[in-house]
Amino acid sequence: PEAITIQELANRMSERAVDVIRMLMKQGAMHKITDVIDADTAQLIAEELGHTVKRVAASDVEEGLFDTVDDSTDTEPRSPVVTVMGHVDHGKTSLLDALRHANVVSGEAGGITQHIGAYQVSSPETGKKITFIDTPGHAAFTAMRARGAKVTDIVVLVVAADDGVMPQTVEAINHAKAARVPIIVAINKIDKPDAKPERVRTELLQHEVQVESFGGEVVDVEVSAKNKTNLDKLLEMIALQAEILDLKTNSHRPAEGTVIEAKLDRGRGPVATVLVQRGTLRVGDIIVAGAEMGRVRALISDQGETVQEAGPSVPVEVLGFNGPPEAGDRLAVVENEARARQITSYRAHQKRENAAASISGMRGSLEQMMS
Ligand code: GDP
Ligand code: MG
């Protein structure tokens with residue numbers, strides 16, 4: 001359909017929805033975030049905001065794939081999706097592991113939690129779930145953002161108290177800001193004798209991350225992944241931030257999601273970890289992601305259990321792709337295999353053309369350099 005919700009338009013431009021609404025207001029139209037506007041209006045707004053608009057013919061092929069109309073009457077709360085970022089060796093992996101184990105539901109057959117690249121834990125206070133994405137970090141985050149997939153609601157920025165703000169810390173801050181995702185700072189390694197949490201706060205200030213004790217709005221928590229100190233508090237702060245964000249979506253519709261990681265498994269074939277973002281993904285669904293398609297043969301939860309379906313904010317391993325898609329690819333459910341083939345063959349063609357274009361582009365710039 002030649003229409004788009006204000007939220008989706010804002011997402012695609014990496015602009016705030018309020019700014020889009022303000023722009024529409026200037027033109028005399030009152031809108032709320034879930035409203036749908038036509039393509040012409042959307043183009044006008046995008047250009048006003050300084051974006052170049054490309055209305056691709058692909059819309060013929062991709063039409064309705066990511067149906068942007070989320071009927072606001074049919075939404076319900078969903079769990080927040082959190083990405084942990086920070087400088088190498090500051091304790092991202094340790095923290096994710098500690099959070100995962102601190103929270104293995106007691107009484108369950110001793111934590112055979114298999115690694116699927118994303119998992120859920122329950123907030124100790126409310127019992128509400130939080131989804132953590134265990135990405136290798138910035139590269140995947142950037143790739144997803146470049147593809148217009150917004151996967152993260154909150155960034156937990158890990159800074160080692162004995163090392164302070166480092167280049168990749170700054171990178172992470174910039175990523176979070178560009179994506180307009182709120183940051184919660186986890187000052188890690190607080191157990192170390194040379195830990196200087198106050199210095200971390202000061203250094204963060206220099207990068208325009210102002211924590212509460214400095215009069216800002218960014219929450220910081222002193223933690224030790226090693227000693228499991230303050231992990232509950234960190235979860236609580238995430239839950240609180242999530243509440244403010246008031247995250248809602250519709251689970252009664254065909255699934256949409258994003259591929260977190262994918263591989264070719266010897267025994268199981270192509271396996272993709274997918275974060276479902278809208279709707280419900282079910283066994284038997286016909287799916288497309290990037291230039292790959294398939295039929296969901298099995299879904300496996302972060303607990304390693306076979307499940308029949310996965311709803312919004314739930315990470316799940318998907319078996320049944322014909323080939324492994326790429327991290328950052330968006331997944332959609334389509335009506336039938338013919339449609340899936342049409343979409344993926346079109347995309348495969350596009351991919352080849354782009355590759356060819358970038359090679360000839362390179363040649364062009366080389367020639368320029370030589371002349
Ligand atoms: P990553 O590169 O950010 O994923 O960092 P890792 O989780 O691999 O941790 C890097 C090193 O710091 C490892 O040797 C960890 O054992 C250590 N480490 C992580 N968290 C803590 C902590 O809270 N206290 C102490 N003392 N060491 C930690
Ligand atoms: Mg790591």
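Model, not experiment: these values are computed from the prediction.

Rules and cut-offs
- Residues numbered from 1 in each chain as written.
- Chains lettered and ligands numbered in written order.
- Predicted model: local features only at pLDDT ≥ 70, side-chain atom pairs only at ≥ 80, totals over all residues.
- Heavy atoms only, no water.
- Helix = DSSP H or I, 4+ residues; strand = E, 2+ residues; numbered from the N terminus.
- Contact = heavy atoms within 4.5 Å.
- Pairing = 2+ DSSP bridges.
- Axes fitted to C-alpha atoms, helices over the stretch in contact; angles between N-to-C directions.
- Polar contact = N/O pair within 3.5 Å; in protein donor to acceptor, adjacent residues only side chain to side chain.
- Near = heavy atom within 4 Å.
- Nonpolar A, V, L, I, M, F, W, Y, C, P; charged D, E, K, R; others polar.
- Parallel < 35°, antiparallel > 145°, perpendicular 65-115°, else oblique.
- Buried < 20%, exposed > 50% of the residue type's maximum accessible area, 1.4 Å probe, protein only.
- Core = buried A, V, L, I, M, F, W, Y, C linked by side-chain atoms within 4.5 Å.
- Left-handed = near helix turned anticlockwise from the far one by under 90°.

1. Let's talk about the overall build of the chain
- The helix and strand tally for the chain stands at ten helices and 19 strands.
- Long-range contacts, defined as pairs at least 24 residues apart, comprise 73% of the intrachain contacts of the chain with a sequence gap of at least 6.

2. A short note on the sheet that holds strand 5 (residues 118-122)
- The strand order across the open sheet formed by six strands is 5-6-4-7-8-9, and the pairing between neighbours is mixed. Taken across any chain shown, the strands that pair with only one partner, and hence form the sheet edges, are strand 5 and strand 9 (219-222). This sheet shows a mean twist of 30 degrees between the axes of neighbouring strands, independent of strand direction.
- Bridge count for strand 8 (residues 183-188) against strand 9 is four bridges, and the pairing is parallel. Its bridge partner lying in strand 9, I184 is registered against V219.
- On top of the sheet, helix 8 (residues 197-205) reaches strand 7 (154-160), strand 8 and strand 9; it is set at about 145 degrees to strand 8, its chief contact.

3. Topic: the environment of D153
- As for its position among the elements, D153 is in the loop between helix 6 (138-146) and strand 7.
- Along the backbone, D153 and Q241 are 88 residues apart, and their C-alpha atoms lie at a distance of 9.5 Å.
- Residues contacting D153, with those up to four places away along its chain left out, are R78, S79, P80, V81, V181, P182, L245 and L247.
- In terms of polar contacts, D153 uses its side chain to reach the side chain of R78, at 2.9 Å.
- Within polar-contact distance, the side chain of D153 engages the backbone nitrogen of V81 at 2.7 Å.

4. Describing the site of ligand 1
- The local shell around ligand 1 holds 15 residues, among which D89, K92, T93, S94 and D191 are the closest.
- N188 places a side-chain nitrogen or oxygen 3.1 Å from an oxygen atom of ligand 1.
- Within the contact set of ligand 1, a nitrogen atom lies 2.7 Å away from a side-chain nitrogen or oxygen of D191.
- A class-by-class count of the residues in the shell around ligand 1 yields two nonpolar, seven polar and six charged.

5. Some words on the packing of helix 2 (residues 17-26) against helix 3 (residues 39-48)
- In the contact formed by helix 2 and helix 3, the axes pass within 10 Å of each other and the chain directions differ by 105 degrees. When the axis of helix 2 is compared with that of helix 3, the two are roughly perpendicular. For the pair formed by helix 2 and helix 3, the contact residues are V20, M23 and L24 on the first element and T41, I45 and E48 on the second.
- In terms of residue class, the contact of helix 2 with helix 3 is built from four nonpolar, one polar and one charged.

6. Section: the side chain of T152
- Along the polypeptide, T152 turns up in the loop between helix 6 and strand 7.
- Separated by 2.6 Å, the side chains of T152 and T83 make a polar contact.

7. Details of the pairing of strand 5
- Counting buried residues in strand 5 gives four out of five residues, a clear majority hidden from the surface.
- Summarising the sheet, strand 5 and strand 6 (residues 129-133) pair through five bridges and their orientation is antiparallel. Counterpart to S122 in the pairing with strand 6 is K129.
- In this structure, the hairpin formed by strand 5 and strand 6 is closed by a connection of six residues, where G127 is found at a positive phi of approximately 80 degrees.

8. Overview of the nonpolar core
- Of all hydrophobic cores here, the largest spans 25 residues; its most connected members are L95, L99, F132, V156, L234 and I238.
- Looking at this core, the elements with two or more residues in it are strand 4 (81-86), helix 5 (92-102), strand 5, strand 6, strand 7, strand 8, strand 9 and helix 9 (231-245).
- The greatest single-element share of this core, amounting to six residues, is contributed by helix 9.
- If we ignore the near neighbours within four places in the chain, the residues touching F132 are V82, V84, L96, L99, A118, Y119, V121, L235 and I238.

9. Things to note about the packing of helix 1 (residues 6-13) against helix 2
- Between helix 1 and helix 2, whose axes approach to 8 Å, the crossing angle comes to 115 degrees. At the point where helix 1 passes helix 2, the crossing takes the right-handed sense. Between helix 1, through I6, L9, A10 and M13, and helix 2, the contact on the second element is made entirely by A17, V20, I21 and L24.
- Within the contact of helix 1 with helix 2, the residues separate by chemical class into eight nonpolar, no polar and no charged.

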